[in-house]
Amino acid sequence: MSKTKAFNISKQLVWECYKKVKANKGTAGVDGCSVKDFEKELKNNLYKIWNRMSSGCYFPPPVLRVEIPKGDGKTRPLGIPTVADRIAQMVVKLYLEPEQEGEFHQDSYGYRPKRSAKQAVESARRRCWKHDWVIDLDIKGFFDNISHDLMLKALHRHTKEKWILLYVERWLKAPVQLVDGVVEQRTKGTPQGGVISPLLANLFLHYAFDIWMAKRNPTITFERYADDVVVHCDSKEDAVRIKAEISKRMQDCGLELHPEKTKIVFCKDDNRAGRFTLQNFDFLGFCFRPRLSRNRRGKFFVNFSPGIANKSKKKIFAEVRKWGLHKRSDLSIEALASKMNPAVRGWIQYFGAFFKSELLFLIHYLDSVIFRWLTRKYKKLGGTVKRAKHWMQKVKLLHPKLFVHWSFLRVLATEQ
(Lines give C-alpha, C1' and ligand atoms only; values in the text may rest on other atoms or scores of the structure.)
Protein backbone atom coordinates (compact mmCIF):
# COMPACT_ATOMS: atom_id res chain seq x y z
CA MET A 1 0.00 0.00 0.00
CA SER A 2 1.28 3.45 -0.86
CA LYS A 3 2.76 5.46 2.01
CA THR A 4 1.30 8.63 0.55
CA LYS A 5 -2.22 7.70 1.65
CA ALA A 6 -3.54 9.58 4.67
CA PHE A 7 -5.39 6.56 6.09
CA ASN A 8 -4.49 2.89 6.19
CA ILE A 9 -7.56 1.17 4.69
CA SER A 10 -7.22 -2.30 3.21
CA LYS A 11 -8.27 -2.98 -0.39
CA GLN A 12 -9.31 -6.44 0.77
CA LEU A 13 -11.70 -4.87 3.29
CA VAL A 14 -13.33 -2.84 0.51
CA TRP A 15 -13.73 -6.04 -1.52
CA GLU A 16 -15.34 -7.88 1.40
CA CYS A 17 -17.72 -4.97 1.91
CA TYR A 18 -18.75 -5.02 -1.74
CA LYS A 19 -19.65 -8.73 -1.41
CA LYS A 20 -21.79 -8.01 1.67
CA VAL A 21 -23.59 -5.13 -0.03
CA LYS A 22 -24.25 -7.32 -3.07
CA ALA A 23 -25.66 -10.09 -0.86
CA ASN A 24 -27.98 -7.60 0.85
CA LYS A 25 -29.30 -6.50 -2.58
CA GLY A 26 -31.22 -3.25 -2.27
CA THR A 27 -32.25 -0.61 -4.80
CA ALA A 28 -30.33 2.19 -6.48
CA GLY A 29 -29.73 5.54 -4.80
CA VAL A 30 -29.80 9.08 -6.23
CA ASP A 31 -27.44 8.14 -9.07
CA GLY A 32 -29.77 5.41 -10.35
CA CYS A 33 -26.89 2.92 -10.28
CA SER A 34 -27.90 -0.61 -9.24
CA VAL A 35 -25.52 -3.30 -8.02
CA LYS A 36 -25.63 -4.79 -11.52
CA ASP A 37 -24.69 -1.42 -13.04
CA PHE A 38 -21.92 -0.97 -10.47
CA GLU A 39 -20.42 -4.31 -11.46
CA LYS A 40 -19.98 -3.26 -15.10
CA GLU A 41 -16.83 -1.42 -14.01
CA LEU A 42 -16.33 -3.24 -10.74
CA LYS A 43 -12.57 -3.03 -10.42
CA ASN A 44 -12.48 0.67 -11.26
CA ASN A 45 -15.44 1.52 -8.99
CA LEU A 46 -13.97 -0.32 -6.00
CA TYR A 47 -10.60 1.35 -6.59
CA LYS A 48 -12.29 4.78 -6.52
CA ILE A 49 -13.91 4.01 -3.16
CA TRP A 50 -10.63 2.76 -1.67
CA ASN A 51 -8.57 5.61 -3.12
CA ARG A 52 -10.91 8.34 -1.93
CA MET A 53 -11.42 6.86 1.53
CA SER A 54 -7.68 6.29 1.98
CA SER A 55 -6.93 9.85 0.86
CA GLY A 56 -9.53 11.50 3.12
CA CYS A 57 -11.40 12.92 0.11
CA TYR A 58 -14.47 10.69 0.10
CA PHE A 59 -17.64 12.78 0.23
CA PRO A 60 -20.98 10.94 0.32
CA PRO A 61 -23.66 11.90 -2.22
CA PRO A 62 -27.18 12.82 -1.05
CA VAL A 63 -29.34 10.02 0.34
CA LEU A 64 -32.51 9.22 -1.61
CA ARG A 65 -35.52 9.56 0.68
CA VAL A 66 -38.63 7.48 -0.01
CA GLU A 67 -41.78 7.00 2.04
CA ILE A 68 -42.59 3.43 3.08
CA PRO A 69 -46.21 2.57 4.03
CA LYS A 70 -46.86 1.59 7.66
CA GLY A 71 -49.59 -0.65 9.02
CA ASP A 72 -51.57 2.31 10.40
CA GLY A 73 -51.92 3.94 7.00
CA LYS A 74 -49.10 6.40 7.62
CA THR A 75 -45.60 6.29 6.14
CA ARG A 76 -42.07 6.28 7.49
CA PRO A 77 -39.07 7.80 5.71
CA LEU A 78 -36.40 5.45 4.42
CA GLY A 79 -32.98 6.67 3.29
CA ILE A 80 -31.35 4.83 0.37
CA PRO A 81 -27.62 5.54 -0.12
CA THR A 82 -25.97 4.82 -3.46
CA VAL A 83 -24.34 1.40 -3.95
CA ALA A 84 -20.87 2.95 -3.68
CA ASP A 85 -21.85 4.77 -0.49
CA ARG A 86 -23.26 1.57 1.00
CA ILE A 87 -19.88 -0.10 0.39
CA ALA A 88 -18.06 2.83 2.00
CA GLN A 89 -20.39 2.69 5.01
CA MET A 90 -19.83 -1.06 5.26
CA VAL A 91 -16.07 -0.43 5.48
CA VAL A 92 -16.59 1.70 8.59
CA LYS A 93 -19.16 -0.71 10.02
CA LEU A 94 -16.91 -3.77 9.75
CA TYR A 95 -13.99 -1.87 11.22
CA LEU A 96 -15.93 -0.29 14.07
CA GLU A 97 -18.32 -3.10 15.03
CA PRO A 98 -15.77 -5.41 16.75
CA GLU A 99 -14.49 -2.48 18.82
CA GLN A 100 -17.98 -1.62 20.08
CA GLU A 101 -19.46 -5.07 20.50
CA GLY A 102 -17.75 -5.95 23.77
CA GLU A 103 -18.95 -2.75 25.43
CA PHE A 104 -22.64 -2.88 24.60
CA HIS A 105 -25.20 -3.77 27.27
CA GLN A 106 -26.24 -7.42 27.62
CA ASP A 107 -29.91 -6.48 27.10
CA SER A 108 -29.29 -4.67 23.82
CA TYR A 109 -30.26 -7.08 21.02
CA GLY A 110 -30.72 -5.11 17.82
CA TYR A 111 -28.32 -5.30 14.88
CA ARG A 112 -25.60 -7.08 16.81
CA PRO A 113 -23.66 -10.25 15.89
CA LYS A 114 -25.10 -13.39 17.49
CA ARG A 115 -28.07 -11.41 18.85
CA SER A 116 -31.63 -11.63 17.57
CA ALA A 117 -35.14 -10.29 17.96
CA LYS A 118 -36.27 -13.76 19.05
CA GLN A 119 -33.81 -13.66 21.96
CA ALA A 120 -35.19 -10.27 23.02
CA VAL A 121 -38.78 -11.61 22.93
CA GLU A 122 -37.77 -14.67 24.97
CA SER A 123 -36.12 -12.46 27.60
CA ALA A 124 -39.20 -10.21 27.74
CA ARG A 125 -41.44 -13.26 28.16
CA ARG A 126 -39.44 -14.57 31.15
CA ARG A 127 -39.33 -11.18 32.81
CA CYS A 128 -43.05 -10.56 32.31
CA TRP A 129 -43.62 -13.72 34.35
CA LYS A 130 -41.34 -12.36 37.07
CA HIS A 131 -42.42 -8.70 37.14
CA ASP A 132 -46.01 -7.42 37.25
CA TRP A 133 -45.64 -4.27 35.17
CA VAL A 134 -44.11 -3.19 31.87
CA ILE A 135 -43.29 0.20 30.38
CA ASP A 136 -43.68 -0.08 26.61
CA LEU A 137 -41.47 2.74 25.30
CA ASP A 138 -41.83 4.41 21.91
CA ILE A 139 -39.28 7.06 20.95
CA LYS A 140 -40.90 9.50 18.55
CA GLY A 141 -39.05 9.70 15.22
CA PHE A 142 -35.86 8.32 16.75
CA PHE A 143 -33.67 8.00 13.63
CA ASP A 144 -34.73 11.43 12.36
CA ASN A 145 -33.94 13.22 15.62
CA ILE A 146 -30.55 11.89 16.74
CA SER A 147 -28.33 14.80 17.80
CA HIS A 148 -25.23 14.96 15.61
CA ASP A 149 -23.15 16.54 18.37
CA LEU A 150 -24.07 13.88 20.93
CA MET A 151 -23.62 11.14 18.32
CA LEU A 152 -20.07 12.26 17.52
CA LYS A 153 -19.30 12.68 21.21
CA ALA A 154 -20.32 9.06 21.81
CA LEU A 155 -18.28 7.90 18.80
CA HIS A 156 -15.17 9.69 20.12
CA ARG A 157 -15.35 7.46 23.20
CA HIS A 158 -15.12 4.32 21.08
CA THR A 159 -12.53 5.08 18.44
CA LYS A 160 -9.56 7.34 17.83
CA GLU A 161 -9.43 6.52 14.11
CA LYS A 162 -9.59 9.92 12.40
CA TRP A 163 -10.96 8.51 9.15
CA ILE A 164 -13.92 6.90 10.92
CA LEU A 165 -14.74 10.12 12.79
CA LEU A 166 -14.35 12.10 9.57
CA TYR A 167 -16.63 9.95 7.43
CA VAL A 168 -19.30 9.38 10.07
CA GLU A 169 -19.60 13.14 10.47
CA ARG A 170 -19.93 13.52 6.71
CA TRP A 171 -22.60 10.82 6.57
CA LEU A 172 -24.56 12.47 9.36
CA LYS A 173 -24.49 15.78 7.51
CA ALA A 174 -25.09 14.40 4.01
CA PRO A 175 -28.20 16.01 2.47
CA VAL A 176 -31.39 14.16 1.61
CA GLN A 177 -32.82 14.12 -1.90
CA LEU A 178 -36.56 13.63 -2.26
CA VAL A 179 -38.08 11.60 -5.10
CA ASP A 180 -39.04 14.86 -6.88
CA GLY A 181 -35.38 15.92 -6.93
CA VAL A 182 -35.56 18.50 -4.13
CA VAL A 183 -32.46 18.41 -1.91
CA GLU A 184 -32.79 19.10 1.83
CA GLN A 185 -29.98 19.74 4.28
CA ARG A 186 -29.98 17.85 7.59
CA THR A 187 -28.95 19.19 10.99
CA LYS A 188 -29.95 16.09 12.97
CA GLY A 189 -30.81 12.43 12.49
CA THR A 190 -29.30 9.54 10.57
CA PRO A 191 -31.20 8.03 7.60
CA GLN A 192 -33.07 4.85 8.46
CA GLY A 193 -31.84 2.52 5.75
CA GLY A 194 -28.16 3.41 5.77
CA VAL A 195 -25.65 0.61 6.42
CA ILE A 196 -24.00 2.51 9.26
CA SER A 197 -27.24 3.85 10.81
CA PRO A 198 -28.16 0.82 12.99
CA LEU A 199 -24.67 0.76 14.51
CA LEU A 200 -24.80 4.49 15.22
CA ALA A 201 -28.31 4.14 16.69
CA ASN A 202 -27.08 1.44 19.06
CA LEU A 203 -24.12 3.55 20.07
CA PHE A 204 -26.33 6.58 20.73
CA LEU A 205 -28.84 4.67 22.89
CA HIS A 206 -26.01 2.83 24.65
CA TYR A 207 -25.24 6.13 26.37
CA ALA A 208 -28.65 7.82 26.21
CA PHE A 209 -30.47 4.82 27.70
CA ASP A 210 -28.56 1.61 28.53
CA ILE A 211 -25.71 3.02 30.61
CA TRP A 212 -27.93 5.68 32.12
CA MET A 213 -30.51 3.07 33.22
CA ALA A 214 -27.81 0.83 34.69
CA LYS A 215 -26.59 3.73 36.84
CA ARG A 216 -29.94 5.34 37.66
CA ASN A 217 -32.02 2.17 38.22
CA PRO A 218 -29.57 -0.75 38.51
CA THR A 219 -32.25 -3.24 39.68
CA ILE A 220 -34.60 -2.52 36.76
CA THR A 221 -34.38 -4.89 33.79
CA PHE A 222 -35.20 -4.14 30.17
CA GLU A 223 -34.88 -5.37 26.60
CA ARG A 224 -33.86 -3.02 23.82
CA TYR A 225 -33.86 -3.80 20.11
CA ALA A 226 -32.61 -0.61 18.43
CA ASP A 227 -35.23 1.95 19.53
CA ASP A 228 -37.85 -0.63 20.61
CA VAL A 229 -37.64 -0.84 24.41
CA VAL A 230 -39.52 -2.76 27.11
CA VAL A 231 -38.84 -1.97 30.80
CA HIS A 232 -39.97 -4.28 33.65
CA CYS A 233 -41.21 -3.03 37.04
CA ASP A 234 -42.62 -4.63 40.19
CA SER A 235 -45.27 -1.99 40.94
CA LYS A 236 -47.33 0.60 39.13
CA GLU A 237 -45.77 3.31 41.27
CA ASP A 238 -42.29 2.29 40.12
CA ALA A 239 -43.47 2.21 36.50
CA VAL A 240 -44.94 5.72 36.70
CA ARG A 241 -41.78 7.09 38.33
CA ILE A 242 -39.36 5.41 35.94
CA LYS A 243 -41.40 6.39 32.89
CA ALA A 244 -41.16 10.04 33.98
CA GLU A 245 -37.41 9.71 34.53
CA ILE A 246 -36.91 8.15 31.10
CA SER A 247 -39.01 10.88 29.49
CA LYS A 248 -36.79 13.53 31.07
CA ARG A 249 -33.65 11.67 30.01
CA MET A 250 -34.84 11.48 26.40
CA GLN A 251 -35.54 15.22 26.41
CA ASP A 252 -32.03 15.87 27.69
CA CYS A 253 -30.73 13.85 24.74
CA GLY A 254 -32.84 15.70 22.18
CA LEU A 255 -35.47 12.95 21.90
CA GLU A 256 -39.12 12.56 22.92
CA LEU A 257 -41.27 9.66 24.07
CA HIS A 258 -44.39 9.29 21.95
CA PRO A 259 -47.22 10.44 24.27
CA GLU A 260 -49.82 8.01 22.90
CA LYS A 261 -47.69 4.98 22.05
CA THR A 262 -45.65 4.91 25.28
CA LYS A 263 -47.74 3.09 27.88
CA ILE A 264 -47.71 1.26 31.20
CA VAL A 265 -49.08 -2.29 31.01
CA PHE A 266 -50.20 -4.77 33.68
CA CYS A 267 -48.97 -8.33 33.02
CA LYS A 268 -52.20 -10.09 33.94
CA ASP A 269 -52.23 -13.85 34.69
CA ASP A 270 -53.84 -16.32 37.11
CA ASN A 271 -51.50 -15.30 39.93
CA ARG A 272 -52.02 -11.56 39.65
CA ALA A 273 -55.14 -9.87 40.91
CA GLY A 274 -56.45 -6.52 39.76
CA ARG A 275 -58.36 -4.92 36.94
CA PHE A 276 -56.37 -2.55 34.79
CA THR A 277 -57.26 -1.18 31.38
CA LEU A 278 -53.98 -1.94 29.61
CA GLN A 279 -53.04 -5.62 29.65
CA ASN A 280 -51.22 -5.98 26.34
CA PHE A 281 -48.35 -4.52 24.33
CA ASP A 282 -46.59 -5.25 21.04
CA PHE A 283 -42.87 -5.95 20.84
CA LEU A 284 -40.93 -6.98 17.72
CA GLY A 285 -43.97 -8.32 15.88
CA PHE A 286 -45.46 -10.16 18.87
CA CYS A 287 -48.39 -9.20 21.07
CA PHE A 288 -47.89 -9.87 24.79
CA ARG A 289 -51.21 -10.44 26.56
CA PRO A 290 -53.04 -12.85 28.88
CA ARG A 291 -53.52 -16.15 27.03
CA LEU A 292 -55.28 -19.38 27.94
CA SER A 293 -52.57 -22.05 28.14
CA ARG A 294 -52.38 -25.68 29.17
CA ASN A 295 -49.74 -27.16 31.45
CA ARG A 296 -48.13 -30.60 31.18
CA ARG A 297 -50.93 -32.16 33.24
CA GLY A 298 -53.53 -30.85 30.80
CA LYS A 299 -54.87 -28.16 33.17
CA PHE A 300 -55.76 -24.77 31.66
CA PHE A 301 -54.46 -21.53 33.15
CA VAL A 302 -54.03 -17.87 32.14
CA ASN A 303 -50.49 -17.06 31.12
CA PHE A 304 -49.04 -13.67 30.06
CA SER A 305 -47.22 -14.61 26.85
CA PRO A 306 -46.29 -13.45 23.36
CA GLY A 307 -47.99 -14.55 20.16
CA ILE A 308 -47.99 -13.11 16.68
CA ALA A 309 -49.47 -9.59 16.71
CA ASN A 310 -52.42 -8.53 14.56
CA LYS A 311 -50.17 -6.01 12.79
CA SER A 312 -47.85 -8.84 11.80
CA LYS A 313 -50.77 -10.90 10.52
CA LYS A 314 -51.92 -8.00 8.34
CA LYS A 315 -48.41 -7.62 6.90
CA ILE A 316 -48.34 -11.32 6.02
CA PHE A 317 -51.76 -11.11 4.35
CA ALA A 318 -50.59 -8.10 2.34
CA GLU A 319 -47.36 -9.83 1.31
CA VAL A 320 -49.14 -13.00 0.14
CA ARG A 321 -51.71 -10.97 -1.79
CA LYS A 322 -48.87 -9.11 -3.49
CA TRP A 323 -47.49 -12.42 -4.79
CA GLY A 324 -50.68 -13.01 -6.78
CA LEU A 325 -49.93 -16.74 -6.87
CA HIS A 326 -53.56 -17.79 -7.27
CA LYS A 327 -53.34 -16.34 -10.80
CA ARG A 328 -50.20 -18.30 -11.74
CA SER A 329 -51.87 -21.17 -13.54
CA ASP A 330 -48.64 -21.53 -15.54
CA LEU A 331 -46.91 -22.97 -12.48
CA SER A 332 -46.83 -26.61 -11.42
CA ILE A 333 -47.71 -27.35 -7.83
CA GLU A 334 -44.02 -27.99 -7.11
CA ALA A 335 -43.13 -24.58 -8.57
CA LEU A 336 -45.92 -23.00 -6.53
CA ALA A 337 -44.43 -24.53 -3.37
CA SER A 338 -40.94 -23.26 -4.22
CA LYS A 339 -42.37 -19.74 -4.64
CA MET A 340 -44.16 -19.81 -1.30
CA ASN A 341 -41.89 -21.83 0.97
CA PRO A 342 -38.91 -19.48 1.59
CA ALA A 343 -41.01 -16.64 3.04
CA VAL A 344 -43.39 -19.00 4.85
CA ARG A 345 -40.45 -20.84 6.41
CA GLY A 346 -39.12 -17.54 7.77
CA TRP A 347 -42.52 -16.58 9.23
CA ILE A 348 -42.94 -19.95 10.91
CA GLN A 349 -39.42 -20.01 12.32
CA TYR A 350 -39.88 -16.57 13.83
CA PHE A 351 -43.53 -16.30 14.85
CA GLY A 352 -43.84 -20.02 15.59
CA ALA A 353 -41.28 -19.72 18.38
CA PHE A 354 -44.01 -18.60 20.79
CA PHE A 355 -47.63 -19.76 21.02
CA LYS A 356 -47.56 -21.78 17.79
CA SER A 357 -51.34 -22.20 17.63
CA GLU A 358 -51.65 -18.49 16.78
CA LEU A 359 -50.29 -19.40 13.33
CA LEU A 360 -53.29 -21.54 12.41
CA PHE A 361 -54.62 -18.49 10.54
CA LEU A 362 -51.55 -18.67 8.29
CA ILE A 363 -52.11 -22.35 7.48
CA HIS A 364 -55.76 -21.77 6.57
CA TYR A 365 -54.98 -18.66 4.55
CA LEU A 366 -52.19 -20.31 2.55
CA ASP A 367 -54.40 -23.32 1.89
CA SER A 368 -57.04 -20.96 0.52
CA VAL A 369 -54.43 -19.51 -1.86
CA ILE A 370 -53.49 -23.00 -3.03
CA PHE A 371 -57.17 -23.88 -3.43
CA ARG A 372 -57.81 -20.79 -5.57
CA TRP A 373 -54.75 -21.64 -7.68
CA LEU A 374 -56.01 -25.20 -8.03
CA THR A 375 -59.50 -24.29 -9.26
CA ARG A 376 -58.02 -21.79 -11.73
CA LYS A 377 -55.42 -24.19 -13.13
CA TYR A 378 -57.68 -27.25 -13.29
CA LYS A 379 -60.96 -25.77 -14.43
CA LYS A 380 -62.62 -29.18 -14.51
CA LEU A 381 -62.40 -29.12 -10.69
CA GLY A 382 -63.63 -25.56 -10.38
CA GLY A 383 -67.26 -26.40 -10.89
CA THR A 384 -67.31 -28.73 -7.89
CA VAL A 385 -65.78 -27.45 -4.66
CA LYS A 386 -66.01 -30.91 -3.12
CA ARG A 387 -63.91 -32.48 -5.92
CA ALA A 388 -61.31 -29.70 -5.68
CA LYS A 389 -60.98 -30.14 -1.92
CA HIS A 390 -60.71 -33.90 -2.35
CA TRP A 391 -57.89 -33.43 -4.89
CA MET A 392 -56.03 -31.09 -2.56
CA GLN A 393 -56.46 -33.46 0.37
CA LYS A 394 -55.04 -36.28 -1.73
CA VAL A 395 -51.93 -34.20 -2.54
CA LYS A 396 -51.49 -33.46 1.17
CA LEU A 397 -51.53 -37.16 2.01
CA LEU A 398 -49.14 -38.13 -0.78
CA HIS A 399 -46.74 -35.18 -0.31
CA PRO A 400 -47.14 -33.92 3.28
CA LYS A 401 -43.86 -31.97 3.17
CA LEU A 402 -44.44 -30.27 -0.18
CA PHE A 403 -45.46 -27.00 1.48
CA VAL A 404 -43.72 -25.79 4.63
CA HIS A 405 -46.99 -24.91 6.36
CA TRP A 406 -48.27 -28.48 5.83
CA SER A 407 -45.26 -29.81 7.74
CA PHE A 408 -45.87 -27.21 10.44
CA LEU A 409 -49.49 -28.31 10.77
CA ARG A 410 -48.28 -31.84 11.56
CA VAL A 411 -45.98 -30.40 14.24
CA LEU A 412 -48.93 -28.51 15.74
CA ALA A 413 -51.06 -31.66 15.75
CA THR A 414 -48.44 -33.61 17.73
CA GLU A 415 -48.23 -30.83 20.36
CA GLN A 416 -51.96 -30.57 21.01
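Given the structure is predicted, the values throughout are model-derived calculations rather than measurements.

## Regarding the packing of aromatic side chains
So, step 1. If you walk through the whole model with that rule in mind, you get 21 aromatic pairs.
So, step 2. Through a chain of ring-to-ring contacts, the aromatic side chains of F286, Y350, F351 and F354 assemble into a single cluster.
So, step 3. When the ring centre of W50 is taken as reference, the NZ or CZ atom of K11 above it lies at 4.5 Å.
So, step 4. For R170, the ring lying beneath its charged end belongs to F59, and the centroid distance is 3.8 Å.

## What to know about the nonpolar core
Nonpolar side chains in soluble globular proteins generally cluster together in the buried interior.
So, step 1. Residues M53, I87, F209, V231 and I246 are the most contacted members of the largest nonpolar core, which totals 68 residues.
So, step 2. Of the residues forming this core, the biggest block, eleven residues, is contributed by helix α9 (residues 197-216).
So, step 3. If sequence neighbours within four positions are ignored, I87 has contacts with V14, C17, Y18, V21, F38, L46 and I49.
So, step 4. One finds L331, A388, M392 and W406 within the second-largest nonpolar core, a separate group that totals 53 residues.

## A few points about the environment of L359
So, step 1. Its place among the elements puts L359 in the loop between α12 (333-351) and α13 (360-377).
So, step 2. Classification of L359 by relative accessible area gives buried; the value is 1%.
So, step 3. Considering only alpha carbons, one finds L359 and I348, eleven residues apart in sequence, at a separation of 7.8 Å.
So, step 4. Look past the residues within four positions of L359 in its chain and what remains in contact with it is I308, W347, I348, F351, G352 and F408.

## Things to note about unusual backbone geometry
So, step 1. You will see that K114, though not glycine, has its phi angle at about 60°, which is positive.
So, step 2. With respect to the helices and strands, the residue K114 is situated in the loop between α4 (83-101) and α5 (117-130).
So, step 3. Positive phi is not limited to glycine here, since F355 has a value of about 50°.
So, step 4. Secondary-structure assignment places F355 in the loop between α12 and α13.

## Considerations on a positive patch on the surface
So, step 1. A cluster of basic side chains, namely K70, K74, R76, K140, K261, K311, K314 and K315, defines a positive patch on the protein surface.
So, step 2. Looking at which element gives the most residues to the positive patch, the answer is helix α11 (residues 310-323), with three residues.
So, step 3. Secondary-structure assignment places K140 in the loop between β3 (133-138) and α6 (142-145).
So, step 4. Looking at K140, the relative accessible area reads 40%, which means it is partly exposed.

## Some thoughts on the sheet that holds strand β11 (residues 300-308)
Sheet strands line up and pair through hydrogen bonds in the backbone, either parallel or antiparallel.
So, step 1. Across the sheet, which stays open at both edges, the three strands sit in the order β9-β10-β11 with antiparallel pairing between neighbours. Because the sheet does not close on itself, it has two edges, and the strands there are β9 (281-283) and β11. The average angle at which neighbouring strand axes cross in this sheet is 50°, direction not considered.
So, step 2. The pairing of strand β10 (residues 286-294) with β11 spans nine bridges and is antiparallel. Across the sheet, the residue bridging to F288 is P306, located in β11.

## Some words on the pattern of salt bridges
So, step 1. Here the structure, examined in full by the defined rule, presents 24 salt bridges.
So, step 2. For E97, the salt bridge goes to K93, with nearest N and O atoms at 3.2 Å. Here E97 and its partner K93 are both found in helix α4, four residues apart, which amounts to about one turn of the helix.
So, step 3. We note a salt bridge from E245 to R241, for which the minimum N-O separation is 3.1 Å. Placement of the pair is E245 and R241 together in helix α10 (residues 236-252), with a separation of four residues, close to one helical turn.
So, step 4. The exposure class assigned to E245 is buried, which follows from its relative accessible area of 15%.
So, step 5. Residue classification places R241 among the partly exposed positions, given a relative accessible area of 37%.
So, step 6. What emerges from the salt-bridge pattern is a single network uniting R216, D238, R241 and E245.

What counts and what doesn't
Residues numbered from 1 in each chain as written. Predicted model: local features only at pLDDT ≥ 70, side-chain atom pairs only at ≥ 80, totals over all residues. Heavy atoms only, no water. Phe/Tyr/Trp six-rings, centres within 6.5 Å; stacked < 30°, edge-to-face > 60°. Lys NZ or Arg CZ within 6 Å of the ring centre and 35° of its normal. Core = buried A, V, L, I, M, F, W, Y, C linked by side-chain atoms within 4.5 Å. Buried < 20%, exposed > 50% of the residue type's maximum accessible area, 1.4 Å probe, protein only. Helix = DSSP H or I, 4+ residues; strand = E, 2+ residues; numbered from the N terminus. Contact = heavy atoms within 4.5 Å. Patch = residues over 30% accessible without salt bridge, like charges linked within 9 Å, V, L, I, M, F, W, Y side chains within 5 Å. Areas by Shrake-Rupley, 256 points an atom, 1.4 Å probe, with all protein chains shown as cover. Salt bridge = Lys/Arg side-chain N within 4 Å of Asp/Glu carboxyl O. Lys, Arg positive; Asp, Glu negative; His and termini not counted. Charge placed at Lys NZ, Arg CZ, Asp CG, Glu CD. Pairing = 2+ DSSP bridges. Axes fitted to C-alpha atoms, helices over the stretch in contact; angles between N-to-C directions.

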